[in-house]
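Residue-level structural notes
The chain contents come next:
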Amino acid sequence: MPNKESRSIDEQIALLKSRGMIIRDEAAAFKQLQHISYYRLKGYWWDMQFDRVNHTFAPGSYFEDTIDRYNFDRQLRLILFDAIEIIEIALRTKMIYHLSQTYGGLWYKNDNLVEKKETFTKQLDELQNEFNRSGEIFAKDFRNRHPKANPDAWIIFEVATMGTLSKIYKNLKHQLPQKSIIANEMGLNFHSELSSWLESISYMRNIIAHHSRIWSRNMVKRPTSPLNPPHQWLQYSITEVQAKKPFYVITTMLYLCNAIDPNNHIKSKLLQLFNDNPTIPIYKIGFFNNWQHEPIWK
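Residues numbered from 1 in each chain as written. Predicted model: local features only at pLDDT ≥ 70, side-chain atom pairs only at ≥ 80, totals over all residues. Heavy atoms only, no water.

**Brief notes about helix H10 (residues 191-209)**
Condition: We count a stretch as a helix when DSSP gives it H or I for four or more residues in a row; a strand needs E for two or more, and each element gets its number in order from the N terminus. Expected helix span is taken as 1.5 Å per residue step, with the number of steps being one fewer than the number of residues. We call a residue buried when its accessible area falls under 20% of the maximum for its residue type, exposed when it is over 50%, and partly exposed in between, using a 1.4 Å probe and counting protein chains only.
For H10, spanning 19 residues, the distance from its first C-alpha to its last is 26 Å, which sits close to the expected 27 Å at 1.5 Å a residue. Taking burial as the measure, the 19 residues of H10 include 14 buried ones, the bulk of the element.

In structure tokens, the structure reads:
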């Protein structure tokens, strides 16, 4: 396939109009396209096309609606990043505390505590590399004062990413009491459920960290359904579409935040965002099938 020629912003606007998109304010559209690339916006107008081979838009497709979707998605990512912060810090704290109390500050280097030793070696390298790259004052101070020493868990895990935390937790031996204690304190009955949820949330975090689109995305990593969760959850079965859309991961994030901190404001922020954008079709991210009547979302 030959490469296409780069189009000027005026040419981009003309192309959209030729394909049937309605632009109310071309001067405003020009400014938007100066700051948000044409190709980035494609994900927000993709479903407006009735002919995706020729990229022809359905009647009533407005450029301004695309921008509204883009701004909605941006606000959604900010709220979800707040939720991830609550989850990530709680997970880090619990892993440090429960495992260090039982196995000492260097428990993370003990391969007798893991299921797969080949995975353990790779994860240990990732953890150490994250610590070596960290610009945190405490990390630089430790490296300067103890260049050949291994930092205790409460030092090194403070700079571990969500993905690394998730992988290390998953690889802990299943029979370790601390693994179940952490899952229970996060509101779940089984460590396998928490491992699945953390994997999905880590995937979501990567999307958000790269400022990528949540809107109308199919999630590659899907969380498992919990068995008899002790806190408010979903009352009815979800559809296959809901299972693969952001709705299900977002709901697991809300559940964990509620279990960690019942006074969090994640749900109220999300509901306010939805209320402030009544024309945004949130079913595109899986919020349909009477979702608002579910116990966790009431």
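Structure's up, so let's keep going.
**As for the packing of aromatic side chains**
Using the following cut-off: Each pair of aromatic rings taken from Phe, Tyr and Trp, with Trp reduced to its six-membered ring, is defined by centres within 6.5 Å and is described as stacked if the planes are under 30 degrees apart, edge-to-face if over 60, and tilted in the remaining cases. By definition here, charges over rings are those cases where NZ of Lys or CZ of Arg is within 6 Å of the ring centre and within 35 degrees of the ring normal.
Tallied over the entire structure, the rule returns 19 aromatic pairs. On the basis of an interplanar angle of 65 degrees and a centroid distance of 5.0 Å, the ring pair of phenylalanine 274 and phenylalanine 287 is categorised as edge-to-face. Placement of the pair is phenylalanine 274 in helix H13 (residues 266-276) and phenylalanine 287 in the segment after H13, with a sequence separation of 13 residues. For the pair phenylalanine 274 and phenylalanine 287, one class covers both residues: buried. Three or more aromatic residues link up through ring pairs in this structure, and these residues are Phe72, Trp215, Phe247, Phe274, Phe287, Trp291 and Trp297. It is arginine 24 that lies over the ring of tyrosine 62; its NZ or CZ is 3.8 Å from the centre.

**A look at the side chain of histidine 191**
As a reminder, the rule being used: Contacts between residues were defined by any pair of non-hydrogen atoms, one from each residue, lying within 4.5 Å.
In this fold, histidine 191 is placed in helix H10. Dropping the residues within four chain positions of it, histidine 191 is found in contact with Tyr169, His174, Lys179, Ser180 and Ala183.

**Things to note about helix H8 (residues 162-171)**
Burial analysis of H8 places seven of its ten residues in the buried class, the great majority of the element. Restricting attention to buried positions, one finds in H8 the residues Met162, Thr164, Leu165, Ser166, Ile168, Tyr169 and Asn171. Looking at the buried positions of H8, the neighbouring elements they touch are helix H4 (63-103), helix H5 (117-133), helix H9 (177-185) and H10.

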